[in-house]
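Observations on the model geometry
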Number of protein chains: 2
Amino acid sequence: MSTYTAPLNDIRFALHDVIKVEPLFAKMGFDDANAELIDAVLEEAARFSNTVLSPLNAVGDQHGCKLDKTSHEVTTAPGFKQAYQQFVEGGWTGLTSAVEYGGQGMPETLGMATSEMVSGGNLAWSLFPLLSHGAVEALKHYGQDWQKEVFLKPLVEGTWTGTMCLTEPHAGTDLGLLKTRAEPNADGSYAITGTKIFITAGEHDLVDNIVHLVLAKLPDAPAGPKGISLFVTPKFKVGQDGVVGERNALHCGALEHKMGIHGSSTCVMNFDGAQGWLVGEPHKGLQAMFVMMNSARLGVGIQGLSQSERATQGALRYARERLQSRAPKGAINPDKPADPIIAQPDVRRMLLTNKALTEGGRLLAIHAYTQLDAAQHAKDPAEREQANTLVSFLTPITKACLTEWSIEATYNGIQAFGGHGFIAEHGMEQLARDARILTLYEGTTGIQALDLIGRKTAMTQGAGLKLFLAEVEQFIKDNAGNPLLAEFLPVLGAKANEWGKLTIDVVTRAASNPEELGAASNDYLFYSGYVVLAYWWARSVAATANSSQTDAFKQAKLETARFYYARILPRTLSHAAGIAAGADSLMAMDQARFDA
Amino acid sequence: MSTYTAPLNDIRFALHDVIKVEPLFAKMGFDDANAELIDAVLEEAARFSNTVLSPLNAVGDQHGCKLDKTSHEVTTAPGFKQAYQQFVEGGWTGLTSAVEYGGQGMPETLGMATSEMVSGGNLAWSLFPLLSHGAVEALKHYGQDWQKEVFLKPLVEGTWTGTMCLTEPHAGTDLGLLKTRAEPNADGSYAITGTKIFITAGEHDLVDNIVHLVLAKLPDAPAGPKGISLFVTPKFKVGQDGVVGERNALHCGALEHKMGIHGSSTCVMNFDGAQGWLVGEPHKGLQAMFVMMNSARLGVGIQGLSQSERATQGALRYARERLQSRAPKGAINPDKPADPIIAQPDVRRMLLTNKALTEGGRLLAIHAYTQLDAAQHAKDPAEREQANTLVSFLTPITKACLTEWSIEATYNGIQAFGGHGFIAEHGMEQLARDARILTLYEGTTGIQALDLIGRKTAMTQGAGLKLFLAEVEQFIKDNAGNPLLAEFLPVLGAKANEWGKLTIDVVTRAASNPEELGAASNDYLFYSGYVVLAYWWARSVAATANSSQTDAFKQAKLETARFYYARILPRTLSHAAGIAAGADSLMAMDQARFDA
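What you see is a predicted model; the values in this text were computed from it and never measured. (Residues numbered from 1 in each chain as written. Chains lettered and ligands numbered in written order. Predicted model: local features only at pLDDT ≥ 70, side-chain atom pairs only at ≥ 80, totals over all residues. Heavy atoms only, no water.)

1. Side note on the packing of helix α14 (residues 463-478) of chain A against helix α15 (residues 489-512) of chain A
Residues and elements named next belong to chain A. Basically, it comes down to this: Only the stretch in contact is used when fitting a helix axis, every axis being a line fitted to C-alpha atoms; angles between N-to-C directions are given from 0 to 180 degrees. Helical segments are the DSSP runs of H or I of at least four residues, strand segments are the runs of E of at least two, and each set is numbered from the N terminus. Angles are sorted into four bins: roughly parallel if under 35 degrees, roughly antiparallel if over 145, roughly perpendicular if 65 to 115, and oblique for all others. Handedness of each helix crossing follows the sense of rotation of the near helix against the far helix: counterclockwise by less than a right angle gives left-handed, clockwise gives right-handed. In what follows, a contact means two residues having at least one pair of non-hydrogen atoms within 4.5 Å.
Running from N to C, α14 and α15 cross one another at 160 degrees; their axes reach a closest spacing of 10 Å. One finds that α14 runs roughly antiparallel with respect to α15. For the element pair α14 and α15, the recorded crossing hand is left-handed. Together, Leu465, Phe468, Leu469, Val472, Phe475 and Ile476 of α14 and Leu489, Leu492, Gly493, Ala496, Trp499, Gly500 and Thr503 of α15 make up the contact between the two elements.

What follows is the structure, encoded as structure tokens:
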């Protein structure tokens, strides 16, 4: 069984010493979010994750969820419901929600740090409360007053949970193809009919009511994505007076048989004329859905981070314990029959790769979340606008890179265990199976890559990139004489510079050939991610100067940064070549020739 | 459910047009192995795989194996036993075994091509007959005459199967640590006592008897790997007269719960004073085991190839069928609501990556097997010696790269399916779970990488590399004026040259610091694999000139080669940087600081 200790210390270093969130929060008007409260919240989240959620991680994998085909009710794994009750009682569901709806009004950045620990403890479990947050955001921004009145409080306090009902068998990436219909009823509501698939927490036994936010088409809807509307469609009907009524005409038709996250109920949801209420304007559902989706995408990045952390911890523990062969320079453990495998350079390569991607990734994510907070709470509208541009740019990088790195980190986790990594009892293989969903849902890595290079770069003339590069440039300037950084800054500067040039090059080519964007997208995504991490590793080293962490901790940051620059950052060499290669070699082959 | 069609056509192209095996086989004295017979064998293997094995692939995953805790008998999944009987009746178990023991004496190269199809049809099933081959090789080379007499025929004809019992809970990579004991009995046999884990096909219901080749220590054994002996220890005792007697004192204590290959019985085997017979000399068991292991390592490479092929086929089919969004340059399917996703450049990147790694990897493997055949059957002793050097060098590359590429190919397979890739019914997630064992067993990728850079390169002064590079140089010279190759050869030549230089560089550094080998090993492995594939892609293009394949097939080879050189070969840039980076950044961190 894999174990997990929430990485409190590194989270604190990231929040307080590197990003320095306290003054940021104060500037945004989060008056309560001082260092003392932040640390208290983090400690409590760590305790909950370590003692309540983490022990249920393997339980959820083994038991999964059970669907009663007659009642259509879903039973979660043993302990899941009790854990959820404790989560609600602890006030976690409303941590970052508005005070007016019963939330605690804390910054999303703090919510992210606690989310990392919750997902790290138990990814499958963490999906039950997760989507309520998106539902709250969509209703808060687009819901009618009575909808806010009726739905937000129970969602925020966690007595109800939310879902996002987007995907249909023939409509995933391309939601314009969806077939679910919404016919007007006499009372102003709509009758929703259709089938949705891959609905996370679509049905379960943790709460009294489940609030489905469903994309569907009105009878007069134009074809394609501009004809989609959003409906709030609860499991038990809710009147405009807030009174909960009879069972709505919707049910879970099946649970998907999945590779991982067995503890999460992934449902086929059938809507058979279910009563739903329009949220926002007709045909503008996709806009509302994007509010949910962007927050969900960042959230999935955090899930990736959490699984990387858990895999790294498992691999490190095993690499220290497992005695096998001798160190290359001779026994370091001469009184034992063999040395720990952490003495082997290639095992260290795997551990350091995980460490560098995880700790660096944490900073990338926290930074993105501070921009999310600033986009809503900064006093100055121009600052809000700028933060919004930056977080929009960082969202696909956060989502895709942190989840892709979780594939790599859980791969390394298994690999460090050798054959034992393939066996269920050690828990490493579960991490790899669980993490495997992360590069798929809320938009595959391919979709994120296209979003980054297209909507977030080519279509904005690189607005987000320019903001990020300006930050890097300022950092380099500020640290020009810093001896700690002398070995890193010239490399960072050169990479940042190259990033800009590669961007101009590919966007220029795309002007005459739109295939160039998709052709470069994957390499551009990873190139971006690795340069962003080079920045955060340099900043980590800079932050050790005024940190109260131990000398060993600071030394480890410096050593990991050196490893990152020596062994990971050179991946940009291949990605730069991929970006420069152009579309021809991808597009030349007629589709019939692929298996000629 | 994923489907599979054995890639007969590409195998034929590889064997006949690129490697040109017929004259090679004739030179080695395989008089029967002419083109007609080769094709007949390939076709029959394809038929068996497509119609018998492939339909059982998902069945094995769902049913797994069942252990009766009272009788210690293991029942395989429905259909597995019948398929095995057909396999035996078809004479497949003895295809490459010596005629004197009932085999058909065909080249290993041909066996490899059929193995790819068998594993592609059903990886888990293919593990039941697989290890008999290694057992036959070990007994043939090291067994006493009566042992050959008694064990080889039933192993070759498939009425019995073999196992390799190496690993113990505390001894995996480091077999010197093993604890299983062998005490002499009065009758010349030994009483074997100990626990072995991860024993593939250790117990099952497909055959009458199971022949375990067990590593154990004699009472007077010196410590470490030089104190290990090999014993043949059948499930049912077998007298020197060949009479099968009573049940031996060994049994399957448990089946491992694994991430994948559920259809294969991976056993904990308990030996409680079981009767075993010494094979070869005392304390020299590891030598005999290496005979089995080298052949098994190449075999695992083929398993990787087979899963890459299957994943590629699944992804290609889906990418053509799945209609979602529009092609970047506008609708190519204007009468349908959307275009197939194969129109998307990034989906093509995944498909072409799989195609390039799979078809190129096939040639790398076939080439290695021709050297394996030549090492045994070439008329000239110098040629045998040279072939042996080359196959020894190519074995870790084949094993590690083909299995690592299967991780990538099955990753791409899932990714092309989007969320559907995570769902069991499409079969793509099974491929990823099944392939996940391949970089672990028979020596992890880390072990292969160390074998390549250490034993096979540094310790031989690059003997294998020099042979390979000489072949590349000759090919470049022979094709100096070939217009088809003009775009590839300068790049290939430069990479081959760089490979030599990087090797000298790292081996030189290792002379003063043995950690340099392990530090560079992983990058050196991949660097090597990608340059080898660059050679095979150039040779594939060259071979199209005199091939009877269709124009579309030849055009696809040229286009895939171009893709390979443009988008995959540049990975060598990062790997070269990793090789050059040196050991310091890996070794600096004290092990206590990893989570300081």
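2. Digging into the pairing of strand β7 (residues 229-234) of chain B
Residues and elements named next belong to chain B. Selection rule: Exposure classes here rest on a 1.4 Å probe applied to the protein chains alone. A residue is buried below 20% of its type maximum, exposed above 50%, and partly exposed in between. DSSP calls a pair of strands paired once it identifies at least 2 bridges connecting them.
For β7, a buried count of six out of six residues is recorded, marking the element as mostly surrounded by other parts of the structure. Burial along β7 is two-sided: the face carrying Ser229, Phe231 and Thr233 and the face carrying Leu230, Val232 and Pro234 are both buried. By the bridge criterion, six bridges tie strand β6 (residues 209-216) to β7 in an arrangement that is antiparallel. In the sheet register, His212 faces β7, and the bridge partner there is Thr233.

3. Things to note about the interface of chain B and chain A
Note the following rule: Computed with a 1.4 Å rolling probe, the buried area is the accessible surface lost when two parts are put together, summed over both parts. One side-chain nitrogen of Lys or Arg within 4 Å of one carboxyl oxygen of Asp or Glu is enough to make a salt bridge. Residues are grouped as follows: Ala, Val, Leu, Ile, Met, Phe, Trp, Tyr, Cys and Pro are nonpolar; Asp, Glu, Lys and Arg are charged; all remaining types, including Gly, are polar.
Residue-level contacts link 95 residues of chain B with 95 residues of chain A. In total, chain B and chain A occlude about 8,100 Å² of area from one another, counting both sides; carbon and sulfur atoms represent 61% of this. On the chain B side of the interface with chain A, the three residues burying the most area are B:Phe422, B:Arg567 and B:Phe594, jointly 10% of the side's total. Applying the counting rule to chain B against chain A returns eight salt bridges. One salt bridge connects B:Asp523 with A:Arg567, and the closest N-O pair in it is separated by 2.8 Å. When residues of the side of chain B that touches chain A are assigned to their parent elements, the largest contribution, 10 residues, is made by helix α17 (residues 551-568) of chain B. For the side of chain B that touches chain A, the class distribution of residues is 45 nonpolar, 27 polar and 23 charged.

4. Some words on empty space enclosed by the protein
Heads up, the condition is: The distinction between a cavity and a pocket rests on a 1 Å grid over the protein atoms alone: a 1.4 Å probe fits inside a cavity but cannot get out, while a pocket stays open yet meets protein on both sides within 12 Å along at least five of seven lines, and a residue with an atom within 4 Å of a point counts as lining. Grid points are joined across faces, edges and corners, and a volume is the space filled by probe spheres set on the points.
Under the definition given, this model contains three cavities of 30 Å³ or more. Approximately 590 Å³ is the volume found for the largest cavity. Residue lining of the largest cavity: 33 residues in total, with B:Gly111, B:Ser115, B:Pro129, B:Leu130 and B:His133 positioned closest to the centre. Only α5 (80-89), α6 (108-121), α7 (123-142), α8 (145-157), α9 (285-321) and α10 (345-377) of chain B provide two or more residues apiece to the lining of the largest cavity. Considering every element that reaches the lining of the largest cavity, the biggest residue donor is α7(B), with eight residues. Looking at the lining of the largest cavity residue by residue, the classes come out as 17 nonpolar, 15 polar and one charged. Of the pockets and cavities examined, the second largest cavity occupies roughly 40 Å³. What lines the second largest cavity is A:Thr445, A:Gly446, A:Asn522, B:Asp346, B:Arg349, B:Met350, B:Tyr411 and B:Gln415. Among the secondary structure elements, those contributing two or more residues to the lining of the second largest cavity are α13 (445-453) of chain A together with α10 and α11 (381-417) of chain B. Take the lining of the second largest cavity: its biggest share by element is three residues, from α10(B).

5. Details of the side chain of A:Gln430
Residues and elements named next belong to chain A. So the rule is basically this: The term polar contact refers here to a pair of N or O atoms within 3.5 Å; inside protein, the definition further demands a hydrogen-donor-capable atom paired with an acceptor-capable atom, and it admits residues adjacent in sequence only when both atoms are side-chain atoms.
Within the fold, Gln430 resides in helix α12 (residues 428-435). Polar contacts involving the side chain of Gln430 include one to the main-chain carbonyl oxygen of Asn57, which spans 3.1 Å. Contacts of Gln430, omitting those with residues within four sequence positions, involve Asn57, Ala58 and Asp61.

6. Quick look at unusual backbone geometry
One non-glycine residue, A:Ile261, lies in the positive phi region at around 35 degrees. Structurally, A:Ile261 is set in the loop between β10 (250-255) and β11 (266-279).

7. Notes on the relation of the copies chain B and chain A
Applicable threshold: The atoms used to superpose the copies are C-alpha atoms, taken from residues with pLDDT of at least 70 in both, and the fit is least squares.
Once turned by 180 degrees and shifted 0.0 Å along the axis, chain B lies on chain A with an RMSD of 0.0 Å. Given the turn and translation reported, the copies of this chain are related as if by a two-fold rotation axis.

8. What to know about the packing of aromatic side chains
Here the distance between the centres and the angle between the planes together describe a pair of aromatic rings. Residue and element names in this part refer to chain A. Heads up, the rule is: Any pair of Phe, Tyr and Trp rings, taking the six-membered ring for Trp, is counted once the centres come within 6.5 Å. Such a pair is stacked with planes under 30 degrees apart, edge-to-face with planes over 60 apart, and tilted for the rest. Criterion for a charge above a ring: Lys NZ or Arg CZ within 6 Å of the ring centre, and within 35 degrees of the ring normal.
Applying the stated criterion across every chain, the model contains 44 aromatic pairs over all chains. Ring centres of Phe48 and Phe87 lie 5.8 Å apart, and the angle between their planes is 35 degrees; this geometry places the pair in the tilted category. Taken together, the positions of Phe48 in helix α3 (residues 35-53) and Phe87 in helix α5 (residues 80-89) put the pair 39 residues apart, joining distant regions of the chain. Exposure remark for Phe48: the relative accessible area of 3% places this residue in the buried category. Take Phe87: its relative accessible area is 7%, and that puts it in the buried class. Here Trp405 and Tyr530 contribute two aromatic rings whose centre-to-centre distance is 5.5 Å and whose plane-to-plane angle is 40 degrees, an arrangement assigned as tilted. Pair noted here: Trp405 is in helix α11 (residues 381-417) and Tyr530 is in helix α16 (residues 515-544), with a separation of 125 residues, a long-range link. You can call Trp405 buried: its relative accessible area is 2%. One residue, Arg247, lies across the ring of Phe236, its end atom 5.7 Å from the ring centre.

9. Things to note about the UniProt feature "domain: Acyl-CoA dehydrogenase/oxidase N-terminal" (unreviewed entry) in chain A
In plain terms, the rule: UniProt positions are given in the numbering used here, feature names are shortened, and annotations may be inferred rather than shown by experiment.
In the numbering used here, UniProt assigns the feature "domain: Acyl-CoA dehydrogenase/oxidase N-terminal" (unreviewed entry) to residues 81-158 of chain A. Helix makes up 72% of residues 81-158 of chain A and strand 0%. Its end C-alpha atoms lie 12 Å apart.

10. Description of the environment of A:Gly239
Residues and elements named next belong to chain A. On the secondary structure map, Gly239 appears in the loop between β8 (236-238) and β9 (244-247). Taking the C-alpha atoms as reference points, Gly239 and Gln147, separated by 92 residues in sequence, lie 9.5 Å from one another. Discounting residues that sit within four places of it in the chain, Gly239 has contacts with Trp146 and Val150.

11. With respect to α10(B)
Selection criterion: Helix span is expected to be 1.5 Å times the residue number reduced by one.
Between the first and last C-alpha of α10(B) there are 47 Å, a value that for 33 residues agrees with the 48 Å anticipated at 1.5 Å per step. With 31 of its 33 residues buried, α10(B) lies for the most part within the structure.

12. Some words on α5(B)
Residues and elements named next belong to chain B. Test applied: Taken from the helix axis, the directions to the C-beta atoms give the arc we talk about.
Taken residue by residue, α5 has Phe80, Ala83, Tyr84 and Phe87 as its buried positions. With its buried residues spanning 100 degrees around the axis, α5 presents them on a single face. The inward-facing, buried residues of α5 abut α3 (35-53), α4 (57-63), α6, α7 and β3 (160-165). Positive backbone phi, approximately 80 degrees, marks Gly91, located one or two places after α5.

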